[in-house]
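Given next are the chains, with one letter for each unit.
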Amino acid sequence: MKRIHDDPSGAGRAVSVRGLVKHYGETKALDGVDLDVREGTVMGVLGPNGAGKTTLVRILSTLITPDAGRATVAGYDVMGQPRQLRRVIGLTGQYASVDEKLPGWENLYLIGRLLDLSRKEARSRADELLERFSLTEAARRPAGTYSGGMRRRLDLAASMIGRPAVLFLDEPTTGLDPRTRNEVWDEVQRMVGDGVTVLLTTQYMEEAEQLATELTVVDRGKVIAGGGIEELKAKVGGRTLRVRPADPLHLRPLAAFLDELGITGLASTTVDAERGAVLVPILSDEQLTAVVGAVTARGITLASITTELPSLDEVFLSLTGHRASAPQDATPADTREEAAV
Ligand SMILES: Nc1ncnc2c1ncn2[C@@H]1O[C@H](COP(=O)(O)OP(=O)(O)O)[C@@H](O)[C@H]1O
Ligand SMILES: [Mg+2]
């Protein structure tokens, strides 16, 4: 693992972005973005199509230059020290970047050679990574014959060849089926376990929740919210109390009772008959206490009572006033319906 270069201004920060601006004609792809990623953490950059995620990743990996602002990665300036910077990062783009005609092994070997590894080192690194990403069996087959999931794993393996300190994953699971997506998540979690700092862009709330420690929500080139995932969810909106009576026959009477209770500002309940619970949206700890007190006073025995935070989808809706739009290409079937609202 490469060490993060000493940065006098950014102790412990693997990525630091200030006032980043990038225009394409009239389009403000990035409109003054600030962002920090602490070493050893996973930053999720969540936003709909066209939010500016790829533009951000391209600037941070020195593929394009910003119009204004500054950014450092592993202590290196994207404008002033691009060569040094490239040596300590890995990048997996939104679209597969491997050569389809070449076998998986060959792809990795060549990248190793491009990164100045000796023949011997490049060979052993290719072997090791194919093994690690469960591609050994397919090592000699052209990458063009791989399934979507195998291709994505080969992409991840390719980005790990140079033992990066900071890894950029641009929508690593867009277009993958749910099972393959889980495999990619597992791999990303393993890489994080090895100490890599990750900046991951995604359109999927679930993905951010699975992988990220912190979240930056972007929309139309601007950061609209940021913070720890739980913190962010708590900040936007209330919580839902899930109250499950011990006796299923008490379900409907309990819901009616809570609706009639007259706790100030308490929203109306819904019944989750399948799981035998009444859902009560609450806005404060006082309301939680009032609900529990009233139910107890009424003599209804409860099997469980839990609080749930709002989903990231709801978070996005309340932050932007609109839902995160669906990716235009190859949305995994299971998210198509909810994302298309
Ligand atoms: N090379 C380019 N030329 C013109 N417009 C671009 C270019 N790259 C991105 N854009 C525009 O900039 C905005 C942000 O794009 P992008 O960073 O790709 O968003 P995301 O990755 O979040 O979907 C979009 O409106 C997109 O159309
Ligand atoms: Mg993109």
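Participant: For this particular structure, what's the right way to read the overall build of the protein?
Facilitator: Scanning the protein from terminus to terminus reveals 12 helices and 14 strands. Classification of the 341 residues of the protein by burial places 48% in the buried group. When contacts within the protein are restricted to residue pairs at least 6 apart in sequence, those whose partners lie at least 24 apart make up 69%.

Participant: So what exactly am I meant to see when it comes to the pattern of salt bridges here?
Facilitator: When the charged atoms of two side chains with opposite charge come close together, those side chains can pair. Applying the stated rule across the entire model yields 15 salt bridges. In this structure, E128 and R125 form a salt bridge, with 2.7 Å as the shortest nitrogen-oxygen distance. On the criterion of helical spacing, the pair formed by E128 and R125 is a turn pair, its members being three residues apart in helix α4 (residues 119–132). Of the residues examined, R125 reaches a relative accessible area of 7% and is grouped as buried. Salt bridges here are not isolated pairs; linked through shared partners, they connect R242, D272, R275 and E308.

Participant: Please clarify how the nonpolar core should be interpreted in this entry.
Facilitator: Here is a general trend for soluble globular proteins: nonpolar side chains tend to be buried in one another's company. Counting residues in each nonpolar core, the largest one holds 45 residues, and the members touching the most others are L108, F133 and L154. Residue contributions to this core peak at six residues, all from helix α5 (residues 148–160). Apart from the residues within four sequence positions on either side, L108 is in contact with A126, L129, L130, L154, A157, A158 and I161. L60, V78, F168 and V218 belong to the second-largest nonpolar core, a separate cluster that totals 28 residues.

Participant: I'm lost on the side chain of T55 in this one. Help?
Facilitator: Tracing the backbone through its elements, the reader meets T55 in helix α1 (residues 53–60). Sequence-distant contacts of T55, that is, excluding residues within four places in its chain, are made with K22, Y24, A29, L30 and I64.

Participant: I would appreciate a short explanation of the packing of helix α9 (residues 251–260) against helix α10 (residues 285–297) in the present structure.
Facilitator: The description of two helices packed together rests on the angle between their axes and the distance between the axes. Running from amino to carboxyl end, α9 crosses α10 at an angle of 125 degrees, the nearest separation of the two axes being 11 Å. Taken together, the axes of α9 and α10 lie oblique to each other. Of the two elements, α9 crosses α10, and the hand of that crossing is right-handed. Contact residues: L254, F257 and L258 in α9; V291, A294 and V295 in α10. Here the contact of α9 with α10 is built from residues that sort into six nonpolar, no polar and no charged.

Participant: Would you take a moment to explain the site of ligand 1 for this structure?
Facilitator: With respect to spatial proximity, the complete set of residues near ligand 1 consists of Y24, T27, A29, P48, N49, G50, A51, G52, K53, T54 and T55. Within the side chain of T55, a nitrogen or oxygen atom sits 2.5 Å from an oxygen atom of ligand 1. Relative to its free-state accessible area of 560 Å², ligand 1 is covered by the protein chains to the extent of 63%. Of all elements in the fold, only β2 (27–38) and α1 reach the threshold of two or more residues within the shell around ligand 1.

Participant: Explain the pairing of strand β8 (residues 197–202) to me, please; I cannot follow it from the model alone.
Facilitator: Remember that side chains alternate between the two faces of the sheet whenever the strand is regular. Summarising burial for β8: six of the six residues are buried, a large majority. In β8, alternate side chains face the same way, and those of T197, L199 and T201 on one face and V198, L200 and T202 on the other are all buried. Relative to β8, strand β3 (residues 42–46) is paired through five bridges, and the arrangement is parallel. Paired with V42 across the strands is V198, a residue of β8. Sheet analysis places strand β7 (residues 166–170) next to β8, joined by five bridges and oriented parallel. Of the residues in β8, the one forming a bridge with F168 is L199. A crossover connection joins β7 to the parallel β8 through helix α6 (residues 178–193); in handedness this β-α-β unit is right-handed.

Participant: Got a minute to help me understand the sheet that holds strand β10 (residues 222–228) in this structure?
Facilitator: Adjacent strands of a sheet pair through backbone hydrogen bonds, lying either parallel or antiparallel. In spatial order, the strands read β6-β7-β8-β3-β9-β10; together these six strands make up an open sheet with mixed pairing. Where the open sheet ends on each side, the last strands, each with one partner, are β6 (89–92) and β10. Strand after strand, the sheet turns through a mean of 15 degrees between neighbouring axes, direction not considered. For β3 and strand β9 (residues 214–219), the ladder comprises four bridges, and the chain directions are parallel. Of the residues in β9, the one forming a bridge with V45 is T216.

Participant: Quick question: what am I supposed to make of the confidence of the model for the protein here?
Facilitator: Low-pLDDT stretches of the model should not have their predicted coordinates read in fine detail. Here the protein shows a mean pLDDT of 86. Residues at 70 or above account for 88%. Predicted confidence in the protein is weakest over helix α12 (residues 333–339), with a mean pLDDT of 35, and strongest over strand β4 (residues 68–73), with 98. For the stretch residues 326–341, pLDDT sits under 50, and the model shows 26 contacts to residues farther than four places along the chain or on other chains.

Calculation rules
- Residues numbered from 1 in each chain as written.
- Chains lettered and ligands numbered in written order.
- Predicted model: local features only at pLDDT ≥ 70, side-chain atom pairs only at ≥ 80, totals over all residues.
- Heavy atoms only, no water.
- Helix = DSSP H or I, 4+ residues; strand = E, 2+ residues; numbered from the N terminus.
- Buried < 20%, exposed > 50% of the residue type's maximum accessible area, 1.4 Å probe, protein only.
- Contact = heavy atoms within 4.5 Å.
- Salt bridge = Lys/Arg side-chain N within 4 Å of Asp/Glu carboxyl O.
- Core = buried A, V, L, I, M, F, W, Y, C linked by side-chain atoms within 4.5 Å.
- Axes fitted to C-alpha atoms, helices over the stretch in contact; angles between N-to-C directions.
- Parallel < 35°, antiparallel > 145°, perpendicular 65-115°, else oblique.
- Left-handed = near helix turned anticlockwise from the far one by under 90°.
- Nonpolar A, V, L, I, M, F, W, Y, C, P; charged D, E, K, R; others polar.
- Near = heavy atom within 4 Å.
- Polar contact = N/O pair within 3.5 Å; in protein donor to acceptor, adjacent residues only side chain to side chain.
- Areas by Shrake-Rupley, 256 points an atom, 1.4 Å probe, with all protein chains shown as cover.
- Pairing = 2+ DSSP bridges.
- Right-handed = clockwise from strand over helix to strand, strands pointing away.
- pLDDT = per-residue confidence, 0-100.

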